[in-house]
Amino acid sequence: MSRQIELALISLMPSYGTDLPPQLVELAGSLLAQSRNQASTLKAEEEIARLYACANIACDRLKIPLDLPPIESRPPVAPRIYKRLYSHLDSILPTTASGARRSSGRARTQVTKFGADDGTTSSPARQIPSRGTPTKEQSLSQFRKNATPTGKQRSAGANGESERTGLPLWVAPVIRYFCVETGSKKLAPTMLAGTESILFPGDQKMEDDSAKGQTTEVLAAVLYHVTVRFQAITTGAPIDSDSYAPIRKAIMEILGKARKEVVFIGAEDAGAWDGWASVKTKDFDAMVEAVKENDWLDSDWYRGINDVVQNIGDADVNMDEGDEIAQESGGRRADTMFQDRYDFLSDSRRADFKIWKEAQLARIEKLSAANSAMEIDTQ
């Protein structure tokens with residue numbers, strides 16, 4: 001990983017050469033590790049540029065202390081995606097880690113030559129930036145669950161998702177609330193991506209009259225289509241018209257409760273719930289049909305529900321029984337080595353071995369008896 005970081009730094013500063021300052025490499029690696037803790041879930045296109053963005057942030061923070069050359073940014077993703085990712089990581093990654101960023105890196109000291117007169121001084125020497133030693137409280141603060149974030153980090157935690165997606169502050173918390181109520185936490189990213197895709201395609205506000213100014217209705221329609229698709233895949237049977245009304249009623253009830261019970265940082269501030277509206281039955285029906293008519297379901301977020309369900313595994317397929325089914329069925333995740341084909345001591349493998357063993361012993365006994373009879377005949 002250190003080699004990848006160095007290559008990213010070299011591409012950012014091609015005129016500097018390969019002899020990179022250790023402080024710069026260390027800071028870039030530290031920011032990368034912290035980003036995986038502070039922003040563990042990024043979009044696929046953002047994850048590609050995570051390392052490059054952390055290296056870019058490190059260069060910007062140590063540009064003055066280390067007197068770095070001009071930074072030439074060539075991100076591996078589209079500029080608008082990279083700009084959004086860079087702003088998000090720069091806002092959540094602590095600046096105290098750099099140490100030198102807050103020090104007067106351009107200070108010059110007059111060094112007196114040994115044995116020279118007091119009035120004789122050598123040429124100015126550049127102060128070497130050093131990493132400040134954090135206090136005990138600073139070291140432990142990031143691991144304390146109840147620690148109160150301050151300054152820029154607090155604002156980033158409150159609306160970091162909103163800044164990256166462009167959605168109102170309440171959308172992501174409401175989706176998480178819905179997923180907790182229905183026991184489908186794994187579907188939250190899909191629902192968020194669907195809402196963003198319809199309201200802000202290509203980072204542009206939707207101008208279509210079918211969705212403009214109807215954020216809550218769009219969210220309700222996305223929740224419906226994802227829920228129906230999820231049930232159709234897991235049960236193997238399409239949802240009929242008789243099931244439409246109960247699902248609609250459940251979604252509208254949960255959204256009504258969400259407005260009263262959802263709490264997030266800044267929820268009490270003016271404008272935190274801008275765009276929210278109580279969804280009426282006719283508006284719900286109209287938006288569900290609009291989503292179909294405008295081909296908004298013909299997108300990656302909707303087609304990817306199959307992959308989401310496949311990765312969930314047996315532990316999450318049943319929304320109601322959850323962990324109990326996982327323990328009873330011994331479900332295996334597709335992305336781990338703990339799969340059935342590697343479990344050579346499972347009950348089914350033991351049973352198969354027992355049958356094979358009995359067959360082989362019977363065959364050996366039969367061959368032994370035949371050999372004994374042949375020996376008797378020869379005598």
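Residues numbered from 1 in each chain as written. Predicted model: local features only at pLDDT ≥ 70, side-chain atom pairs only at ≥ 80, totals over all residues. Heavy atoms only, no water.

Student: Just to check I follow, could you spell out the overall build of the chain for this structure?
Tutor: Regarding its fold elements, the chain presents 17 helices and two strands. Burial analysis of the chain (379 residues in total) assigns 35% to the buried set. Of all intrachain contacts in the chain linking residues separated by at least 6 positions in sequence, the fraction that spans at least 24 positions is 69%. Accessible surface computed for the chain: about 23600 Å², of which carbon and sulfur atoms make up 51%. (Helix = DSSP H or I, 4+ residues; strand = E, 2+ residues; numbered from the N terminus. Buried < 20%, exposed > 50% of the residue type's maximum accessible area, 1.4 Å probe, protein only. Contact = heavy atoms within 4.5 Å. Areas by Shrake-Rupley, 256 points an atom, 1.4 Å probe, with all protein chains shown as cover.)

Student: What's the story with the packing of aromatic side chains in this structure? I'm lost.
Tutor: Between two aromatic rings, the relevant description is the distance of the centres plus the angle of the planes. In total, this model carries ten aromatic pairs according to the counting rule given. Between Tyr82 and Tyr86 the ring centres are 6.3 Å apart and the planes differ by 45 degrees, which places this aromatic pair in the tilted class. Within this pair, Tyr82 and its partner Tyr86 are both found in helix α5 (residues 79–92), separated by four residues, close to a single helical turn. Given a relative accessible area of 7%, Tyr82 falls into the buried group. Here the aromatic residues Tyr52, Tyr82 and Tyr86 are joined through ring pairs into a cluster of three or more. Geometry around Trp273 places Arg259 over its ring, the cationic atom sitting 4.2 Å from the centre. (Phe/Tyr/Trp six-rings, centres within 6.5 Å; stacked < 30°, edge-to-face > 60°. Lys NZ or Arg CZ within 6 Å of the ring centre and 35° of its normal.)

Student: Whenever I open this one, helix α11 (residues 244–261) confuses me. Can you help?
Tutor: Here α11 contains 18 residues, and its C-alpha end-to-end distance of 26 Å stays within 8% of the 26 Å for a straight helix at 1.5 Å per residue. Among all positions of α11, only Tyr244, Ile247, Arg248, Ile251, Ile254, Leu255 and Ala258 are buried. Projected down its long axis, α11 carries its buried residues within an arc of 135 degrees, all on one side. Away from its buried face, by an angle of more than 90 degrees, α11 presents the exposed residues Lys249 and Lys260. Those residues of α11 hidden inside the fold are in contact with α8 (171–182), α10 (215–235) and α12 (281–293). (Expected span 1.5 Å × (residues − 1). Arc of directions from axis to C-beta.)

Student: Explanation requested: the nonpolar core in the structure shown.
Tutor: One recurring pattern in soluble globular proteins is that nonpolar side chains are buried together. Core analysis: the largest hydrophobic core is formed by 50 residues, its most contacted members being Val174, Met191 and Leu255. Mapped onto this core, the elements with two or more residues apiece are α8, α9 (188–199), α10, α11, α12, α13 (300–303) and α14 (305–312). With ten residues, the top contributor of residues to this core is α10. With residues near it in sequence (within four places) discarded, Val174 still touches Leu219, Leu255, Ala258, Val262, Trp273 and Trp276. Counting residues in hydrophobic clusters, the runner-up holds 34 residues, among them Ala39, Leu42, Leu51 and Ile57. (Core = buried A, V, L, I, M, F, W, Y, C linked by side-chain atoms within 4.5 Å.)

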